[in-house]
Amino acid sequence: MTVDGEAAGPSGEADEPGWEVDPDDDWGVAVVATVGRQLKLRREAAGMRAAEFGLAVGYGEDLVYKIEGGRRIPRPEYLDRADEVLAAGGLLSAMKEDVRRVRYPKKVRDLAKLEAQAVEIALYSNHNVHGLLQTEEHMRALFDAWLPAYSEEETERMVAARLARHAVFERSPAPALSFVQEEVTLRRPVGGRMVWRRQLERLLELGRLRNVSIQVMPTDAEDHVGTGGLIEVLKFPDGTAVGRSDGAFCGRPVTDPKQLRILELRYGMIRAQALTPRESRAFVERLLGES
């Protein structure tokens with residue numbers, strides 16, 4: 001099968017969006033260009049033409065040129081096959097980790113790095129279910145509803161990045177994760193009834209983890225200090241922290257202890273005003289029963 005003149009590999013890479021290089025990501029561009037040069041140098045050293053090499057790894061000649069020219073991000077399977085065909089002894093396969101990160105937007109890579117280091121993460125969301133809690137179907141529905149519309153490639157890149165951040169739930173030792181969600185974010189059937197139900201089931205699943213606390217802020221709460229919007233506070237092993245809020249410090253990330261105390265004070269009060277984790281679980285179960 002061919003698309004725009006290039007042959008698709010066994011996994012349909014030529015058809016799959018989300019593997020284009022972001023020209024505004026300097027580090028990503030540099031990584032993909034370096035990987036492409038290495039692949040080309042090793043192919044030429046082995047005396048293989050691009051068409052011959054493409055046939056050996058199971059991909060089209062056009063795609064080989066795009067990857068070697070730094071215009072397309074190679075899939076992990078491509079690097080594994082290239083390593084085998086070119087007898088690189090694992091050196092090409094070892095590039096998979098850096099290449100994997102290139103798929104994610106820079107701001108998401110930075111956030112994921114912080115989340116991977118934090119020992120405590122506190123998050124209050126008032127517009128949508130927080131990204132760390134979203135199912136893949138739910139996040140796709142959110143991205144599809146955005147205006148102006150994202151391209152298919154942009155959507156695939158953002159979905160992959162957000163899913164990668166879910167690794168925070170698999171860390172050992174596990175960080176303490178605290179979430180407070182506005183009731184409206186749980187009642188809105190984003191993506192349709194079945195997608196909505198699976199999202200609620202995901203919340204119940206994550207809420208069973210010993211290191212995860214999920215609370216619901218009722219819409220009819222008369223006292224509510226979270227009207228300023230989203231709050232995020234991440235604390236690290238060395239005692240430092242970083243925080244951000246839509247309603248404070250112009251939405252910029254802050255590390256100053258005095259500013260962090262303000263965010264922690266607001267978040268602590270929001271937790272106190274919300275339903276307890278047990279009450280919140282019962283609330284989600286009722287929503288499921290009503291759907």
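Engineer: Summarise the pattern of salt bridges; cite the residues concerned and give the values.
Structural biologist: Applying the stated criterion to the full structure yields 15 salt bridges. Here Arg 140 makes a salt bridge to Glu 136, at a shortest N to O gap of 3.1 Å. Highlighted residues: Arg 140 and Glu 136, both in helix α7 (residues 136-145), separated by four residues, approximately one helical turn. By relative accessible area, Glu 136 is classed as partly exposed at 35%. In this structure, a network of salt bridges that share partners links the residues Glu 136, Arg 140 and Glu 156.

Engineer: Describe in detail the pairing of strand β5 (residues 212-217), supporting the description with residues and values.
Structural biologist: Judged by how many residues are buried, β5 sits mostly within the fold: six of six residues are covered. Burial along β5 is two-sided: the face carrying Val 212, Ile 214 and Val 216 and the face carrying Ser 213, Gln 215 and Met 217 are both buried. Two strands pair when backbone bridges link them, and strand β4 (residues 176-182) and β5 are joined in this way by six bridges, in the parallel orientation. When the sheet's bridge partners are listed, Val 180 is paired in β5 with Gln 215.

Engineer: So what's going on with the pairing of strand β7 (residues 241-245)? Which residues, and what values?
Structural biologist: Two faces belong to every sheet, and in a regular strand the side chains alternate between them. Extensive coverage of β7 is indicated by the burial of four of its five residues. Bridge count between strand β6 (residues 231-235) and β7: five bridges; the pairing is antiparallel. Within β7, the residue paired with Leu 234 across the bridge is Val 242. Connecting β6 to the antiparallel partner β7 that follows it, the hairpin turn spans five residues, and Gly 239 within it adopts a positive phi of roughly 90°.

Engineer: Break down the packing of helix α10 (residues 193-207) against helix α12 (residues 277-290) for me, citing the residues and quoting the values.
Structural biologist: Remark: α10 packs on α12, axes separated minimally by 10 Å, with the N-to-C direction vectors making an angle of 155°. Considering their axes alone, α10 and α12 lie roughly antiparallel with respect to each other. Note that α10 runs across α12; the crossing there is left-handed. Counted together, Trp 196, Arg 197, Leu 200, Glu 201 and Leu 204 of α10 and Arg 281, Val 284, Glu 285, Leu 287 and Leu 288 of α12 form the full contact between these two elements.

Engineer: Mind laying out unusual backbone geometry, listing which residues take part and the relevant values?
Structural biologist: Cis peptide bonds are those with omega within 30 degrees of zero, and the linkage from Leu 147 to Pro 148 qualifies with -5°. Topologically, Pro 148 is positioned in the loop between α7 and α8 (152-165). Following Ser 172, the chain continues to Pro 173 via a peptide bond in cis, the omega torsion being 0°. Within the fold, Pro 173 resides in the loop between α8 and β4.

Calculation criteria
- Residue numbers run consecutively from 1 along every chain, following the written order of its sequence.
- For a predicted model such as this one, the threshold for reporting local features is a pLDDT of at least 70, and the threshold for listing and counting side-chain atom pairs is 80 or more; totals across whole chains, interfaces and linings nevertheless cover every residue.
- To obtain the side-chain values, all non-hydrogen atoms of the structure were used and water was disregarded.
- Salt bridge, as used here, is a side-chain nitrogen of Lys or Arg placed within 4 Å of a carboxyl oxygen of Asp or Glu.
- Secondary structure elements follow DSSP: runs of H or I no shorter than four residues count as helices, runs of E no shorter than two count as strands, and numbering proceeds from the N terminus.
- Exposure categories follow from relative accessible area, calculated using a 1.4 Å probe and restricted to protein chains: below 20% of the type maximum is buried, above 50% is exposed, and the middle band is partly exposed.
- Two strands pair if DSSP finds at least two bridges between them.
- Only C-alpha atoms enter the line fits that serve as axes; for helices the fit covers just the stretch in contact. Angles between N-to-C directions range over 0 to 180 degrees.
- Comment on the angle field: the value is read as roughly parallel under 35 degrees, roughly antiparallel over 145, roughly perpendicular from 65 to 115, and oblique elsewhere.
- For any helix crossing, the convention is left-handed if the near helix is rotated counterclockwise from the far helix by under a right angle, and right-handed if that rotation is clockwise.
- Only heavy atoms matter for contacts: two residues are in contact if any of them lie within 4.5 Å across the pair.

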